[in-house]
Amino acid sequence: FGEIDYRLKDRAQGYGTRKAGLKVRNEVINLHSESKQPINLDFKGINLISSSFADELIGKLVLHYGFFGFNNVIRLRNMNSVVQTIAQRSVSQRMAESLNDIKDQAE
């Protein structure tokens, strides 16, 4: 369907550190740069991720692509409610920081 399925369970070395999140984020950015196709980040079988992993992967992908670009490029699939809550918190914090940076630059 012109999309890439990226199964974290098969590709990540863990879900608890910034280092693991950074590795996945770099792979996802490289995959998209090469293919120009949307990427489905599939969390099937992952019951828990750390806030650090979520921030390094999802939060920084939102910053990299921008909010609307992220929604066009990345699709989050099969997140349980715990993982979803952690990811949402990460994105909220990153977006708030980004807005504060814009505000500070305007002053």
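Residues numbered from 1 in each chain as written. Predicted model: local features only at pLDDT ≥ 70, side-chain atom pairs only at ≥ 80, totals over all residues. Heavy atoms only, no water.

Let's shift gears to the nonpolar core. Among the nonpolar cores identified, the biggest contains 29 residues, and Leu8, Leu41, Phe43, Ile49, Leu57 and Leu61 are the most heavily contacted of them. Within the residue set of this core, elements represented by two or more residues are β1 (4-7), α2 (18-35), β2 (39-42), α3 (51-65), α4 (67-73) and α5 (81-106). Among the elements that line this core, the one with the most residues is α3, at seven residues. (Core = buried A, V, L, I, M, F, W, Y, C linked by side-chain atoms within 4.5 Å. Buried < 20%, exposed > 50% of the residue type's maximum accessible area, 1.4 Å probe, protein only. Helix = DSSP H or I, 4+ residues; strand = E, 2+ residues; numbered from the N terminus.)

A separate point is the packing of α3 against α5. Contact geometry of α3 with α5 gives a least axis separation of 8 Å together with a crossing angle of 50°. Relative to α5, α3 is oriented oblique. The two elements α3 and α5 meet at a crossing, and its hand is right-handed. Along its contact with α3, which presents Ser51, Ala54, Asp55, Ile58, Gly59, Lys60, Val62 and Leu63, the element α5 presents Ile86, Ala87, Arg89, Ser90, Val91, Arg94, Met95 and Ser98. Residues that form the contact of α3 with α5 fall into these classes: eight nonpolar, four polar and four charged. (Axes fitted to C-alpha atoms, helices over the stretch in contact; angles between N-to-C directions. Parallel < 35°, antiparallel > 145°, perpendicular 65-115°, else oblique. Left-handed = near helix turned anticlockwise from the far one by under 90°. Contact = heavy atoms within 4.5 Å. Nonpolar A, V, L, I, M, F, W, Y, C, P; charged D, E, K, R; others polar.)

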